[in-house]
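Each chain is listed here by its residues.
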Amino acid sequence: MPTRILLESRPGAGKTTALRRLAALLPTHAATGFTTEEIRQSGARVGFALETLAGRREVLAHVDLPGPPRVGKYGVDLGVMERLALPSLRPAATEEATGRLVLIDELGRMELACTAFRHAVDALFAAEVDVVATVHTHRDPFTDALKRRADIEVVQLTPANRDVLPGELAARLQRPRTHGRPPSHR
């Protein structure tokens, strides 16, 4: 059974940092996916960039982008999801990619505004691939449905565990697969 983990925490708790550390701890693991990062000007957050694990990077959302869609004060460029995020996910959902790891940062409002992205995430969670994705604690119909699935483990990321959790997850992902679901970290 594939490992399917949602790292859940409040904004600013270190989800992106934890996911990047996990990726760095698995240099020989065939990982695909993407991370997001704040764009700051003069100390103020003005947007977000999306970067694939292969190193491709573009501005996903920015105060100067018109949208639609808009998420808060940010216009979102859904073309970035089409050009970068989706190609980094689709190869892993194919049968020849069995055993691959997909890292997604994050299943948030900006990313989920892209219908094709939601469909790709559904396909990933139905495929025989390991998935580690980050989510906010806020309510959202899409992520709430994922959190309720019996085959998905929700792990709380906190300031107390954010430094050790990437190492623990890396060790789990490198072990031979076992049947059954590990205990939850809630």
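Here the residue numbering is sequential within each chain, running from 1 through the sequence in written order. Owing to the predicted nature of the model, reporting of local features is limited to residues with pLDDT of at least 70; listing and counting of side-chain atom pairs is limited to 80 or more, with chain, interface and lining totals taken over all residues. Hydrogens and water molecules were not included; the side-chain quantities draw on all heavy atoms of the structure.

A. Summary view of the overall build of the protein. Assigned secondary structure in the protein consists of six helices and nine strands. The buried share of the protein, reckoned over its 186 residues, is 47%. It only takes one pair of heavy atoms within 4.5 Å for two residues to be counted as in contact. Within the protein, contacts between residues separated by at least 24 positions form 66% of all contacts whose residues are at least 6 apart in sequence. Per-residue accessibility takes into account occlusion by the displayed protein chains alone, with areas from the Shrake-Rupley method and a 1.4 Å probe. Summed over all atoms, the accessible surface of the protein reaches about 9200 Å², with 53% contributed by carbon and sulfur. Runs of E in the DSSP output that reach at least two residues are strands. Runs of H or I that reach at least four are helices, and both are numbered from the N terminus. In this scheme, a residue with accessible area under 20% of its type's maximum is buried, one over 50% is exposed, and one in between is partly exposed, where area comes from a 1.4 Å probe on protein chains only.

B. Quick look at the environment of Ala85. Here Ala85 lies in helix α2 (residues 78-89). For the pair formed by Ala85 and Phe117, sequence separation is 32 residues and the distance between their alpha carbons is 7.7 Å. Once you skip the residues sitting within four places of it in the chain, Ala85 turns out to touch Phe34, Leu50 and Val80.

C. Fine view of α2. The end-to-end C-alpha distance of α2 is 15 Å, a good match for the 16 Å that twelve residues give at a rise of 1.5 Å each. Taken residue by residue, α2 has Val80, Met81, Leu84, Ala85, Leu86, Ser88 and Leu89 as its buried positions. The inward-facing, buried residues of α2 contact β2 (31-41), β3 (44-52), β4 (57-62), β7 (101-104), α3 (109-112) and α4 (115-126). Capping the start of α2 is the job of one residue whose side-chain oxygen sits 2.9 Å from the backbone nitrogen of Gly79: Asp77. How far a helix is expected to stretch is found by multiplying one less than its residue total by 1.5 Å. Any N or O atom pair separated by 3.5 Å or less is treated as a polar contact, with the protein-specific requirement of one donor-capable and one acceptor-capable atom, and with residues adjacent in sequence counted only for side-chain atom pairs.

D. Quick peek at the nonpolar core. Remark: nonpolar core denotes a set of buried residues (Ala, Val, Leu, Ile, Met, Phe, Trp, Tyr, Cys) joined through side-chain atoms within 4.5 Å. Counting residues in each nonpolar core, the largest one holds 35 residues, and the members touching the most others are Leu6, Ile104, Leu107 and Phe117. Sorting elements by how many residues they give to this core places α2 first, with six residues. Aside from chain neighbours lying at most four places away, what touches Leu6 is Leu107, Phe125, Ala133, Val135, Leu146, Lys147, Ile152, Glu153, Val154 and Val155. Of all hydrophobic cores here, the second largest spans 15 residues; its members include Ile5, Ala18, Val155 and Leu169.

E. Fine view of the pattern of salt bridges. Only one rule defines a salt bridge in this text: a Lys or Arg side-chain nitrogen within 4 Å of an Asp or Glu carboxyl oxygen. This structure, assessed with the given rule, holds 13 salt bridges. A salt bridge links Asp77 to Arg83, with the shortest nitrogen-to-oxygen separation between them at 3.6 Å. Residue class for Asp77 comes out partly exposed when judged on its relative accessible area of 26%. Ionic pairing is found between Arg139 and Asp144, a salt bridge with its closest N-O pair at 3.3 Å. Looking at Asp144, the relative accessible area reads 10%, which means it is buried.

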